[in-house]
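Reading the structure
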Amino acid sequence: MKIVCDGDPVLRKKARDVSKVTKETTKLLDQMLETMRVAQGVGLAAPQVGIDRRIIIVDIGEGVFEFINPHILASGGSLVDVEGCLSVPGINGEVERKAWVELEALNRFSQKISLKADGLFARVIQHEIDHLEGILFIDRARNIEYND
Ligand code: ZN
């Protein structure tokens, strides 16, 4: 799939809930994973491939996590670190995020899952959920650097 870049209106829309997990949903998850791998990203949200749905995937090197309709139930602490985004190429910036999050979502089998994440995993989850709200990391970033 093609990754859409900043300027495309789909990145600024609030994405819609997945009402039912279907074969199309799992096909989309597979395609998103392949797209993320090719782009060498650690996370991808459906709006980044032009799909207005609340689906994110994360792989920080500890296996693939797929979250459908993710909700943050609790969070705490705060940490600043450098982020980038496949939809905002050539730019990095420091973003303050919660240090840990507790998340609830559906998996591809439509089962409710919950987990607690911290470190990079928590950061990527928050970055990807922002995409579902139409928020890009550059909206939150300071000390922005242009790499190209
Ligand atoms: Zn992003």
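Look above for the structure.
Note that the structure is predicted; figures quoted are calculated from it, not measured.

In space, the 3 strands of this open sheet follow the order β4-β5-β8, with antiparallel pairing throughout. Both outer strands of the open sheet, β4 (79-83) and β8 (142-146), are each paired with one neighbouring strand and no more. For this sheet, the mean inter-axis angle between neighbouring strands, taken without regard to orientation, is 20 degrees. Note that β4 and strand β5 (residues 91-97) share 5 bridges and pair antiparallel. Considered in β5, the bridge of valine 82 is made with glutamate 94.

In a regular helix each residue adds 1.5 Å, so 14 residues correspond to 20 Å; helix α2 (residues 119-132) covers 21 Å between its end C-alpha atoms and thus fits that length. Burial runs high along α2: 12 of the 14 residues are buried. Among the residues of α2, Phe121, Ala122, Arg123, Val124, Ile125, Gln126, His127, Glu128, Ile129, Asp130, His131 and Leu132 are the ones counted as buried. Once α2 ends, the next one or two residues include glycine 134, with phi positive near 80 degrees.

Calculation rules
- Within every chain, residues take consecutive numbers counted from 1 along the sequence as written.
- A pLDDT threshold of at least 70 governs which residues receive local features in this predicted model, and a stricter bar of 80 or more applies before side-chain atom pairs are shown or counted, although totals over entire chains, interfaces and linings include all residues.
- Side-chain figures throughout are based on the complete set of non-hydrogen atoms in the structure, without hydrogens or water.
- Two strands are said to pair when DSSP picks up at least two bridges between them.
- Secondary structure elements follow DSSP: runs of H or I of four or more residues count as helices, runs of E of two or more count as strands, with numbering from the N terminus.
- Axis definition: a line fitted to C-alpha atoms, over the contacting stretch in the case of helices. Angles run 0 to 180 degrees between N-to-C directions.
- The span one expects for a helix is its residue count, reduced by one, times 1.5 Å.
- Throughout, exposure labels follow a simple rule: accessible area from a 1.4 Å probe, protein chains only, divided by the maximum for the residue type, with under 20% read as buried, over 50% as exposed, and the rest as partly exposed.

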